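Working through the structure, step by step
Here is what each chain is made of, one letter per residue.
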Amino acid sequence: MNILYIIAMQAEAQPFIDHYGVQEVKDFFAPLPCKLYQTSIKGANGETSTLSVVLNGQQHGSDLVGCEAASMATLAAIERLHPDLVINSGTCGGFQSRGADIAKVYIGNACMFHDRRVPGDDQWGTQALGNYPVWEGAEALAGQLHLPMGKVTTGSSLDMQPCDLKIIQENGGELKDMEGAAVAFVCSLMATPILFVKSVTDLCDSGAETFEEFSRNLAKASQALKETNIRVIDHLTNAV
Ligand code: SAH
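About the criteria used
- Residues numbered from 1 in each chain as written.
- Predicted model: local features only at pLDDT ≥ 70, side-chain atom pairs only at ≥ 80, totals over all residues.
- Heavy atoms only, no water.
- Helix = DSSP H or I, 4+ residues; strand = E, 2+ residues; numbered from the N terminus.
- Buried < 20%, exposed > 50% of the residue type's maximum accessible area, 1.4 Å probe, protein only.
- Contact = heavy atoms within 4.5 Å.
- Bend = angle between axes of the 7 residues up to and from the residue.
- Polar contact = N/O pair within 3.5 Å; in protein donor to acceptor, adjacent residues only side chain to side chain.
- Core = buried A, V, L, I, M, F, W, Y, C linked by side-chain atoms within 4.5 Å.
- Phe/Tyr/Trp six-rings, centres within 6.5 Å; stacked < 30°, edge-to-face > 60°.
- Near = heavy atom within 4 Å.
- Nonpolar A, V, L, I, M, F, W, Y, C, P; charged D, E, K, R; others polar.
- Disulfide = S-S within 2.5 Å.
- Lys, Arg positive; Asp, Glu negative; His and termini not counted.
- Salt bridge = Lys/Arg side-chain N within 4 Å of Asp/Glu carboxyl O.
- Axes fitted to C-alpha atoms, helices over the stretch in contact; angles between N-to-C directions.
- Left-handed = near helix turned anticlockwise from the far one by under 90°.

Focus: the environment of Glu 24
Inspection of the secondary structure puts Glu 24 in strand S2 (residues 23-25). Since its relative accessible area comes to 31%, Glu 24 is described here as partly exposed. Separated by eleven residues in the primary sequence, Glu 24 and Lys 35 have C-alpha atoms spaced 7.3 Å apart. Once you skip the residues sitting within four places of it in the chain, Glu 24 turns out to touch Lys 35, Leu 36 and Tyr 37.

Shown next, in the form of structure tokens:
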């Protein structure tokens, strides 16, 4: 199996990179800033899988987060690496009113955008919201690994305006991030299945300042993310 991870931040990916000893393939995406790390994994059935981890890269000295960078990295990576499955993994905000907790790791069961307010007919409303399909095996995987599922909701900001919250509530969004639906958008165009693995860094309804809570919990959430991703990869590759 050819597995492609799309991850926004180095801090989110580093525990995972260290665990697998994936090697950076320098300048693979030049002149784009995306970074590729790759290794192969042996399965119990003798089959060898390829694990590629792509980071969006940096600009102006910080990791590129958000939809534009995620779309760019996903398209470039799918065109060059031809994955069987794309996994968008990273951190997100959760809602304690919906059972979220810091460092709880979810599998996405759907995705949407919450900050694209485009009035008009239904076609536009549908396009603005996204609602792209997720990999058909996601639910079975979550069940087998005993992982909770939730709907990824994506926007271009870390904060949450009242109009964002309204759309999130109306459409059942649970895992608030800045890349998920953008990655799924490209996957839908490229007919490539997508799986979300998301770890909670902050609680959008806790009253805490989001960036402070995010920063405080980033290392813990990324560690939990690594542990779950190892289980996901073992499962997918039938690793020995
Ligand atoms: N520039 C800062 C902030 C990163 S933005 C830094 O370098 O530390 C936060 C990242 O974590 C995004 O990639 C986003 O997908 C995810 N994220 C975590 N909590 C979020 C929330 N409450 N809302 C939106 N995105 C969140």
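Now that the structure is up, let's keep going.
With respect to helix H7 (residues 210-237)
Roughly 50 degrees is the biggest bend found in H7, and it falls at Leu 218. You can read the cap of H7 off the contacts: a side-chain oxygen lies 3.4 Å from the backbone nitrogen of Phe 211, and it is on Glu 209. Immediately beyond the C-terminal end of H7, within one or two residues, lies Asn 238, with a positive phi of roughly 55 degrees.

Observations regarding the nonpolar core
As a rule of thumb, soluble globular proteins bury nonpolar side chains together. Judged by nonpolar contacts, the single largest core of 64 residues is most densely connected at Tyr 5, Leu 51, Val 54, Ile 87 and Val 232. Considering each element in turn, this core owes the most residues, seven residues, to helix H2 (residues 67-81).

Quick look at the packing of aromatic side chains
As enumerated under the stated definition, the model contains six aromatic pairs in all. Between Phe 16 and Tyr 20, the aromatic rings sit 5.4 Å apart at their centres with planes inclined by 75 degrees, giving edge-to-face as the arrangement. Highlighted residues: Phe 16 and Tyr 20, both in helix H1 (residues 10-20), separated by four residues, approximately one helical turn.

So, the site of the ligand
Surveying the vicinity of the ligand reveals 18 residues, the closest of which are Thr 91, Lys 176, Met 178, Glu 179 and Asp 202. Thr 91 is positioned such that a nitrogen or oxygen atom in its side chain is 3.0 Å from an oxygen atom of the ligand. Note that a nitrogen atom of the ligand is positioned 3.4 Å from one of the side-chain N or O atoms of Thr 201. Put simply, the parts of the chain that give the shell around the ligand at least two residues each are strand S7 (85-94), strand S10 (175-177), strand S11 (194-203) and H7. Broken down by class, the residue content of the shell around the ligand amounts to eight nonpolar, five polar and five charged.

Some thoughts on helix H6 (residues 180-189)
For an α-helix, 3.6 residues make a turn, and residues three or four places apart therefore share a direction. For H6, a buried count of seven out of ten residues is recorded, marking the element as mostly surrounded by other parts of the structure. Among the residues trailing H6, Ala 191 stands out with phi positive, at a value near 50 degrees.

Observations concerning the state of the cysteines
Applying the stated criterion across every chain, the model contains zero disulfides. Looking at the unpaired Cys 92, the closest cysteine sulfur is the one in Cys 204, lying at 8.1 Å.

Observations concerning the side chain of Lys 176
Within the fold, Lys 176 resides in strand S10. Salt bridges are absent for the buried Lys 176, whose nearest opposite-charge side chain, Asp 159, sits at 5.8 Å. A distance of 3.0 Å separates the side chain of Lys 176 from the backbone oxygen of Asp 159, its partner in a polar contact. If we ignore the near neighbours within four places in the chain, the residues touching Lys 176 are Cys 92, Gly 93, His 114, Thr 153, Ser 157, Leu 158, Asp 159, Met 160, Ile 168 and Cys 204.

As for the packing of H2 against H6
Remark: H2 packs on H6, axes separated minimally by 8 Å, with the N-to-C direction vectors making an angle of 35 degrees. As H2 runs across H6, the sense of the crossing is right-handed. Contacts between H2 and H6 pair Cys 67, Ala 70, Ser 71, Thr 74, Leu 75 and Ile 78 from the former with Ala 182, Val 183, Val 186 and Cys 187 from the latter.

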